[in-house]
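Residue-level listing of the chains:
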Amino acid sequence: MSEEKKGFCTLCKSRCGAIFTIEDGRLTGVRPDPDHPTGTAMCPKGRSAPEIAHSTSRLTTPLRRTNPKSDPDPGWVPISWDEAMEEIAGKIGAIAAESGPESVAFAVATPSGTMVSDATEWIERFVRLFGSPNTVYSAEICNWHKDFAHAFTFGSPIPPPDYANADLALLWGFNPAKTWLAQSAALSAAQATGTKLAVVDPRRSTSALRADHWLRVRPGTDAALALGLAHLLITDEGYDAAFVRAWTNAPLLVRADTGRFLRADELPGTSGERTGFAVFDEETGRAEAYDTTRAAHRPERFALRGTRPIGLRDGSVVDCAPAFERYADACAAWPPARVAATTWIPEREIRALAAEIAAAPSVTYYGWTGVGQSANAAQTERALATLYALTGSYDAPGGNHVVPAPPYNPATSFGQFAPDQRAKALGLDKHPLGPPAFGYINSGDLCTAIETGRPYPVRALVGFGSNLVVAQPDSDRTARALSALDFQVHLDLFHNPTSSSADIVLPVNSSYEHEALRFGFEVSHRAQEQVQLRPRMVEPQGESRSDTEFVFDLACRLGMGADFFGGNIEAAWNWQLEPLGLTVEELRRQPGGVRVPREEAYRKYAAPVPGGADTVTGFATPTRRVELYSERLLEHGYPAVPQHHDPAPTDAAYPLVLTCAKHGYFVHSQQRLLTSLRRRATDPSVDLHPRTAAAHGIGEGEWLELATRLGSIRLRARFDDSLHPSVVVGEYGWWQEATDLALPGADPTAATGSNFNRLVDPRPTRSAVPHRCGRPPAGSARFPETAPGPGPAPSP
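This is a predicted model, so every value here is computed, not measured.

Engineer: Just checking my understanding: could you explain the sheet that holds strand β21 (residues 516-519) for this structure?
Structural biologist: Backbone hydrogen bonds are what pair the strands of a sheet, in a parallel or an antiparallel way. With antiparallel pairing, three strands are arranged side by side in an open sheet as β21-β22-β23. The sheet terminates laterally at β21 and β23 (594-595), the two strands that pair on one side only. Bridging between β21 and strand β22 (residues 530-534) involves four bridges; their strand directions are antiparallel. Paired with A516 across the strands is R534, a residue of β22. The sheet contacts of helix α22 (residues 569-577) involve β21 and β22, and relative to β21 the element is tilted by about 15 degrees.

Engineer: Help me out: how do you make sense of helix α11 (residues 323-332) in this one?
Structural biologist: It helps to recall that an α-helix has 3.6 residues per turn; residues three or four apart then point in one direction. Most of α11 is tucked away, with seven of its 10 residues classed as buried. Where α11 is buried, its residues meet α9 (222-235), α10 (241-247), β11 (253-255), β15 (317-322) and α15 (377-389).

Engineer: Could you clarify how one ought to interpret the nonpolar core in this entry?
Structural biologist: Generally speaking, a soluble globular protein has its nonpolar side chains buried in company with each other. Residues I88, F126, F464, Y512 and F550 are the most contacted members of the largest nonpolar core, which totals 92 residues. Sorting elements by how many residues they give to this core places helix α3 (residues 81-99) first, with eight residues. The next biggest cluster of nonpolar side chains, apart from the first, holds 87 residues, and it includes F154, L187, L197 and A354.

Engineer: What should I look at first to understand the pattern of salt bridges in this one?
Structural biologist: Pairing between side chains becomes possible if they bear opposite charge and their charged atoms approach one another. By the definition in use, this model includes 47 salt bridges. We note a salt bridge from R298 to E283, for which the minimum N-O separation is 2.4 Å. Remark: E283 occurs in the loop between β12 (277-281) and β13 (286-290) and R298 occurs in the loop between β13 and β14 (308-311); sequence separation between them is 15 residues. A salt bridge links R716 to D683; its shortest N-O distance comes to 2.9 Å. Of this pair, R716 sits in strand β27 (residues 711-719) while D683 is found in the loop between α25 (675-678) and β25 (685-688), placing the two residues 33 residues apart along the sequence. Overall, the relative accessible area of 24% leaves R716 in the partly exposed class. Connected via shared salt-bridge partners are D82, E86, R545, D553 and R557.

Engineer: Looking at this model, I keep getting lost on the pairing of strand β18 (residues 460-464). Mind explaining?
Structural biologist: The two faces of a sheet get side chains in turn, since along a regular strand they alternate between them. The buried fraction of β18 amounts to five of the five residues, a majority that puts the element mostly inside the structure. In β18, alternate side chains face the same way, and those of A460, V462 and F464 on one face and L461 and G463 on the other are all buried. Pairing of strand β6 (residues 104-108) with β18, which is carried by five bridges, proceeds in the parallel orientation. Paired with V108 across the bridge in β18 is F464. Of the strand pairs in this sheet, β18 and strand β19 (residues 487-492) are connected by five bridges, and their pairing is parallel. Residue pairing in the sheet places L461 in a bridge with Q488 of β19.

Engineer: Hey, could you run me through the packing of helix α12 (residues 336-343) against helix α13 (residues 347-359) in this one?
Structural biologist: Between two packed helices, the angle of one axis relative to the other and the distance separating the axes together describe the packing. Relative orientation of the contacting elements α12 and α13 amounts to 115 degrees, with a least axis distance of 9 Å. Note that α12 runs across α13; the crossing there is right-handed. Judged by residue contacts, P336, A337, V339, A340 and T343 of α12 engage E347, I350 and R351 from α13. The residue inventory of the contact of α12 with α13, partitioned by class, reads five nonpolar, one polar and two charged.

About the thresholds
- Residues numbered from 1 in each chain as written.
- Predicted model: local features only at pLDDT ≥ 70, side-chain atom pairs only at ≥ 80, totals over all residues.
- Heavy atoms only, no water.
- Pairing = 2+ DSSP bridges.
- Helix = DSSP H or I, 4+ residues; strand = E, 2+ residues; numbered from the N terminus.
- Contact = heavy atoms within 4.5 Å.
- Axes fitted to C-alpha atoms, helices over the stretch in contact; angles between N-to-C directions.
- Buried < 20%, exposed > 50% of the residue type's maximum accessible area, 1.4 Å probe, protein only.
- Core = buried A, V, L, I, M, F, W, Y, C linked by side-chain atoms within 4.5 Å.
- Salt bridge = Lys/Arg side-chain N within 4 Å of Asp/Glu carboxyl O.
- Left-handed = near helix turned anticlockwise from the far one by under 90°.
- Nonpolar A, V, L, I, M, F, W, Y, C, P; charged D, E, K, R; others polar.

Shown next, in the form of structure tokens:
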């Protein structure tokens, strides 16, 4: 019997609407659903669904370790789910009681590109209510800059691009053709109607191939380019001055003595009762109070430049300058010639892009891991966000449109953290504004707590599909640390190097084997109106269960059942749906999803607050304006205006700049065992310029050794004459064998393997772990004089 079911894919941020074909209980095909707002196309990863669902390598029963962790053979034995859950609840509960909930850490695979996205909200609800402030989410190397650091400027994550109405689209370290297919489709449609495209990327990516401007930036110098472009916009008056005066904090006066904003209650003629800030009124020739909770009245009066002595209420005088002056000075340090020398981009190309930005009535942009995986990620994001603020396109037609999801009851919020537990997050003392402030820690701090007990011991880890050994830097150390845990639980579809140290491994459904509820599909206003309950396509393989089922079961066994609807997932979903007037049963009758119409509004920051007199929505920042100058960052020891920091220098021993790129056929460290995908990319590769290869005696397709000061790995040479000769681009995530193709895997902790993260400096900076180009030894590389012989090492 053959049938078709509508659903959506979970293997990237796109969540492409899809139609699944099932024949005699087996998933046999997937194609795009043209009726779905993200159903324009389907990539090879999405089409591999039948192979994932029915792979003979799937985990199908709970397993318990019987041998010591020092034994390379775990001695797995099958156990029942009830046995597994009883042991997990007992040990997790006992460890939390003895050492505090913070001694139990969690690791979660990215919801932007894995099937765990079906359960993410409920996993986070469990973690926060359980009381652990320690989740390794890879936030610092994935979404931190775009979803959190962007808020230092705009008070929000980067909204989705409105390609359809944009005059210019700017992709910065982001290739949607490989990572967000719905965006790629929307961009292609916009280009067909006249939208121009600029791409900043060290590689001529698939997006750069069809760009009007491709700027081949030196890895790690993006902030210099953004500051240089902003400098040209400012000096040529190519920015939106009206928006900058009215809706950024550019006119707010900054004290020269403290770097803090001058407050309204410091001005003469007040008794300290005024609230707000101060600006210099060029008509009256004096400083005036400015209440940023209200829309600016005649902001053209506000000075943007010049340092002036300002008399204060206490009789003293202090020099002050508008925040814009501070920002413009930071940008002026990057004239075109210096930017060109730093970024390796010809000056004419820098000027051409600046002119294009200045001329475009509407500009939209997006950046992702190309920006986020560097040692200077937060400052780079600040440089990009402030550059974008100069265009005035935020939440405007053709800009980055703020589109909220349908109003539903979210399963989780940061408010679920007990404040005293949140304050215990590993690394919070070093990164008070960084990911630990939200309970997202890095693997280095986790390893330190496991190995040394500082600042307190982490004794247990529960992992949801997260492959820490391959996905995080310093793989060797991570593997050692995991083996030192008192107790480790790993949930996944397949074994991986991280599950090898677990005490209990649990088999998880693929997304085709359970229902899942989704509110909004992010890419556009129409997509955000979509609410969908994806049906189960096929029966669960073996005894596998969903991540959500595990979380609800564990919560009930630990006495948290009241927060998890007594273990009733459908009741929980119905609670989430209540504000929409929908039920699970209604959605089951409409598997293609339900549209919840929302009014399409722009420039919502200018909207009056209901019942708020003259109050406007503004921006969710301390000044209620877009922050070109951040007092909050200054107070925590960071620069108030964006800064560029030079990446790791090259030298005679390591003369090449090393970076990496996401693979278009695989999801991070997964899926290399799937025949249809592995045939497209059989071996781990490194891209290099033919001249560079010739200088090192390397032929195309040959195996070579790639080394940094941290270690070496083996990759196959692939020539790319569009690269800068000093740049090499490696692939990450390789370890897995493809037995059907007789392609072996390799030990991710060995020099004979191909695990890119063995080369990466594990020390985090203030904002990110440098995975693309950071300080030594991550950012410089070399090829040893003698390349290894052909063929990969045998699988361990």
